Amino acid sequence: MGSLFPAISIVFLVFSIFSAVHSSTIGVDYISRLLGIQERERAPPSVQLAAARGVLRRLLPSHSSAFEFRIVSKEQCGGESCFIIKNHPSYTRPGTPEIIISGVTGVEVLAGLHWYLKYWCGSHISWEKTGGAQLNSIPDLGFLPRVQVSGISVQRPIPWNYYQNAVTSSYTFAWWDWERWEKEIDWMALHGINLPLAFTGQEAIWQKVFKKFNISKVELDDFFGGPAFLAWSRMGNLHRWGGPLPQSWLDQQLILQKKILTRMYELGMNPVLPAFSGNVPAALANIFPSAKITRLGNWFSVKSDLRWCCTYLLDATDPLFIEIGRAFIEQQIKEYGRISHIYNCDTFDENTPPVDDPDYISALGAAVFKGMQSGDNDAVWLMQGWLFSYDPFWRPLQMKALLHSVPLGRLVVLDLFAEVKPIWITSEQFYGVPYIWCMLHNFAGNIEMYGILDSIASGPVEARASENSTMVGVGMSMEGIEQNPVIYDLMSEMAFQRKKVDVKAWIDLYSTRRYGRSDPLVQDAWNILYHTVYNCTDGAYDKNRDVIVAFPDVDPFFILASHKKYHHNGKPVSRRAVLKENSDSYDHPHLWYSTSEVIRALEFLIKGGEELSGSSTYSYDLVDLTRQALAKYANELFLKIIESYQSNDVNGVANLSQKFLNLVEDMDTLLACHKGFLLGPWLESAKQLAKDKEQERQFEWNARTQITMWFDNTEDKASLLRDYGNKYWSGLLIDYYGPRAAIYFKYLISSLENGHGFPLKEWRREWIKLTNNWQKSRNNFPVESNGNPLIISRWLYEKYLHSPDTYDQ
């Protein structure tokens, strides 16, 4: 094993730059004032070092004595933030430090530790659900690899590494306690993140602010959404859905937020706090009848149900807006004691301004910022740029009006979907406004092997090096985490890369680090994955619509199973369902690669697994890849069922339907083999935050509803957001997705046997009843994995995927 580490260092040198070269963009110059303030107000070096050592003890307690940490000035890093790795000059015996890691902040120190563990010790660190940390390759104390005599110096080419999306707080963080948050903050620091959102606990702040405006607790019960839907309540998309919030929830979340902020500040991070966006309780319109308060239109509710749709927005040009905005900022400063002076506000995200007059839009933007600045004179507005991606309202004149309504350097935009649809290119670098290049990657926390490694490895570098670049950071703005660890490993690394990464060399090294050993078959598998599932270039948004987890709510006669083979980049892919005109809605599963190639990668991963079967990282990837292949196979199987139905082949429908249901059951068994694919932890973590049985029922309903129907429904009309938050989780397949499919197949067979058309309304009624009952049910699910991933994956591969005509290719 010892020979592995020099090889890693040699390969790493091919695509990493160690020299300190100044490369600030003009955008960095624009935010220099804020950077200076944050640097002056940062926690003392002793506090940061203590926090960093705490991370090391939690990660690698056996080696805590092997590393010495130091905080250094930017001047020692060539004027930029950096980390420096050196051999300890006085190392003489076991128990004394072997390696010195220095950094400008605690985050840089820990990023340097991670860098060393990755590229000199061959380790890998990911979320526990995705396999956790592979640290077995790290040598024993006294035998840590030495770096070159001159040491290693790695600068940040750009100041900020941003993390989170406004909705991650609900799709992933909804039920976290401090123990889980502490692990995440450790993960952030090790991955170099220094600009994270910090949205927890804000409802308790709002309660205190609105009390000053004579809004009662009862009136706020109608304003706040439930725990699993707070993100959309905060954004003004809905109100009360899943609520009301118990006072105990408000109180405990504020306590949790203070712990989160304290740790972030101790490590030298700059947490981003929320600001007032104009979203107000209905009662405010009665208290201030002359205020410019507008009731917004319906946001995805089935029948514009006023119990939770059509929220109220206070116009930013109204004097009351600035008053409330100031009160909110001041209350946060009072509660938290300190701030980083950067605030997120997305007033216009999915809330289009009423008129497109540039002067009006400019006045709106100026007022939003004034609301922040009146509470914090050093405030900087951080805005998601998602609105520029999807809303045609924002043409160049309107974009400029908004972006230029704030003094230069006091507004920073997140180019939220830059790995697929970069706005910096089409907007002349956001018309001169600083921005952060972000990878969105995941929607709704769906489970799907997906990514664009080449774009990640080159996009941030191209953006930073472009002429008159206003880029000031890189970021990860996924809607849900704990999936596709390879994507986040590379993306976090781009915060320290100055040149484009050679992905082929990087991916070979990745599999070695992730599993703790090199295997030719496993490397071949990952090279296939790099060129297939992780090479999506069709520009489609990857919301998982596989049939199992997003069952088509459509009359089967509107689905035509085409016998024609489709191609992508000259390669055959599986058949796709197409719809007749004027049919019911049906979102096609996203497929951008050759399924036969991915099955071949699975074959290689299984064959190379005998030596790796005890590895949690390997087990996660094996289960995930088997799941991916079977999910696409299920899509094809569903089309064959539809073909049989359209051919009036009742026996064919019956036999193939049973095969589909058996497959769902088998996939549930597969997913049960790894803790990263279990329903139980999501539900149990929700219940554990409850203070009594009533809260327990409410919280569990929230958790169950988000991953199934999501929003409201009637007896015969499903939610417009049904299955949006779908999950491939053991327990969910066997208990919900399978029974739902069985209902549909039952009606397929009965319609053929009785000679009548497909009873769409009856199907919907029974499916919706199943869903409503499931959301209210209280049955428990395992929280620990069960089964051997290698044995189960091999069995399912042979049962479903080994045949050369699996996909009729």
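Definitions and limits used
- Residues numbered from 1 in each chain as written.
- Predicted model: local features only at pLDDT ≥ 70, side-chain atom pairs only at ≥ 80, totals over all residues.
- Heavy atoms only, no water.
- Helix = DSSP H or I, 4+ residues; strand = E, 2+ residues; numbered from the N terminus.
- Buried < 20%, exposed > 50% of the residue type's maximum accessible area, 1.4 Å probe, protein only.
- Polar contact = N/O pair within 3.5 Å; in protein donor to acceptor, adjacent residues only side chain to side chain.
- Phe/Tyr/Trp six-rings, centres within 6.5 Å; stacked < 30°, edge-to-face > 60°.
- Lys NZ or Arg CZ within 6 Å of the ring centre and 35° of its normal.
- Disulfide = S-S within 2.5 Å.
- Domains from an automatic or database assignment.
- Contact = heavy atoms within 4.5 Å.
- Buried area = accessible area lost by both parts, 1.4 Å probe.
- Salt bridge = Lys/Arg side-chain N within 4 Å of Asp/Glu carboxyl O.
- Core = buried A, V, L, I, M, F, W, Y, C linked by side-chain atoms within 4.5 Å.
- Pairing = 2+ DSSP bridges.
- Expected span 1.5 Å × (residues − 1).
- Axes fitted to C-alpha atoms, helices over the stretch in contact; angles between N-to-C directions.
- Parallel < 35°, antiparallel > 145°, perpendicular 65-115°, else oblique.
- Left-handed = near helix turned anticlockwise from the far one by under 90°.

## A closer look at the environment of Arg-234
Structurally, Arg-234 can be placed in helix 10 (residues 230-234). Look at Arg-234 and you get buried, because its relative accessible area is 18%. Linking Arg-234 and Asp-346, residues 112 residues apart in sequence, is a C-alpha distance of 9.9 Å. A polar contact is formed between the side chain of Arg-234 and the side chain of Glu-203, at a distance of 2.8 Å.

## Brief notes about the packing of aromatic side chains
Inspection of the entire model under this criterion finds 71 aromatic pairs. Relative to Tyr-618, the ring of Tyr-515 lies with its centre 5.8 Å away and its plane at 85°, an arrangement referred to as edge-to-face. Of this pair, Tyr-515 sits in helix 21 (residues 503-515) while Tyr-618 sits in helix 24 (residues 616-646); the two residues are 103 residues apart in sequence, bridging distant segments of the chain. Residues Tyr-515 and Tyr-618 agree in their burial class; the two are buried. Here the aromatic cluster, defined as three or more aromatic residues joined through ring pairs, consists of Tyr-171, Phe-229, Trp-232, Trp-241, Trp-299, Phe-300, Trp-308, Trp-701, Trp-710 and Phe-711. Note that Arg-53 overlies the ring of Phe-69, its terminal NZ or CZ placed 5.4 Å from the centroid.

## Quick notes on the state of the cysteines
Taken as a whole, this structure holds two disulfides when the rule is applied. Here Cys-77 pairs with Cys-82 through a disulfide, and the sulfurs are 1.9 Å apart. Because the sign of the S-S torsion sets the handedness, a value of about -60° for the bond joining Cys-77 and Cys-82 places this disulfide among the left-handed ones. For the pair Cys-77 and Cys-82, a shared accessibility class is recorded, and that class is buried. Residue pairing for Cys-309: its cysteine sulfur links by disulfide to Cys-310, the two sulfurs lying 2.4 Å apart. Residues Cys-309 and Cys-310 share a disulfide whose torsion about the S-S bond is about -60°; that sign makes it left-handed. Each bonded cysteine in the chain gets a number by its place in the sequence, and the pairs come out as 1-2, 3-4. Free cysteine Cys-121: the closest other cysteine sulfur is in Cys-82, separated by 20 Å. Assessed through its relative accessible area of 0%, Cys-121 is described here as buried. Left without a disulfide partner, Cys-345 is nearest to the cysteine sulfur of Cys-438, which lies 17 Å away. Judged by its relative accessible area of 1%, Cys-345 is buried.

## Quick notes on unusual backbone geometry
Note: most residues except glycine have negative phi, and most peptide bonds are trans. Geometrically, the link from Gly-243 to Pro-244 is a cis peptide bond, its omega value of 0° lying close to zero. Mapped onto the fold, Pro-244 is located in the loop between helix 10 and helix 11 (247-266). Look at Ser-304: it is not a glycine, yet its phi comes out positive at around 50°. Here Ser-304 is to be found in the loop between strand 11 (293-295) and strand 12 (312-314). The backbone of Asn-468 sits at a positive phi, close to 55°, despite the residue not being glycine.

## With respect to the domain arrangement of the chain
When cut into domains, the chain gives domain 1 (46-155), domain 2 (160-501) and domain 3 (531-564 + 580-801). When each unit is reduced to the centre of its C-alpha atoms, the spacing between domain 2 and domain 3 is 31 Å. Between domain 2 and domain 3, the residue contacts involve 51 residues of the former and 50 residues of the latter. Together, the buried faces of domain 2 and domain 3 total about 4300 Å²; carbon and sulfur atoms form 62% of this surface. Counting the surface domain 2 buries against domain 3, the share from its top three residues, Trp-175, Ile-447 and Met-449, is 22%. For the pair domain 2 and domain 3, the interface holds one salt bridge. At the junction of domain 2 and domain 3, the tally comes to 25 residue pairs in polar contact (both at pLDDT 80 or more).

## Remarks on the nonpolar core
The nonpolar side chains of soluble globular proteins are, as a tendency, buried together. Of all hydrophobic cores here, the largest spans 280 residues; its most connected members are Phe-67, Phe-388 and Phe-660. For this core, the element with the highest residue contribution is helix 24, accounting for 16 residues. In contact with Phe-388, other than residues within four places in its own chain, are Met-383, Trp-394, Met-399, Leu-402, Leu-403, Val-413, Ile-423 and Phe-430. Core analysis: the second largest hydrophobic core is formed by five residues, Cys-77, Cys-82, Ile-84 and Val-104 among them.

## What about the pairing of strand 14 (residues 380-384)?
Counted residue by residue, strand 14 has five buried out of five residues, so it is predominantly covered. Here strand 14 shows two buried faces, one formed by Val-380, Leu-382 and Gln-384 and the other by Trp-381 and Met-383. Relative to strand 14, strand 13 (residues 342-344) is paired through three bridges, and the arrangement is parallel. Within the sheet, the bridge partner assigned to Asn-344 lies in strand 14 and is Leu-382.

## Brief notes about helix 11
Three- or four-residue spacings in an α-helix give side chains the same orientation, since the helix completes a turn every 3.6 residues. End to end, helix 11 covers 29 Å across 20 residues, agreeing with the expected 28 Å (1.5 Å per residue, within 8%). Of the positions making up helix 11, those classed as buried are Trp-249, Leu-250, Gln-252, Gln-253, Leu-254, Leu-256, Gln-257, Ile-260, Leu-261, Arg-263, Met-264 and Tyr-265. Phi turns positive, to about 90°, at Gly-268, one or two residues after helix 11.

## As for the packing of helix 24 against helix 30 (residues 789-801)
Close contact between helix 24 and helix 30 brings their axes to 10 Å; oriented N to C, the two are set at 20°. With respect to helix 30, the axis of helix 24 lies roughly parallel. The two elements helix 24 and helix 30 meet at a crossing, and its hand is left-handed. On helix 30, the residues touching Tyr-618, Ser-619, Leu-622, Val-623, Thr-626, Ala-629, Leu-630 and Tyr-633 of helix 24 are Pro-789, Leu-790, Ser-793, Leu-796, Tyr-800 and Leu-801.

## Overview of the environment of Phe-551
Here Phe-551 lies in the loop between helix 22 (520-531) and strand 18 (559-561). Put simply, Phe-551 and Arg-740 are 189 residues apart on the chain and 8.1 Å apart in space, counted from C-alpha to C-alpha.

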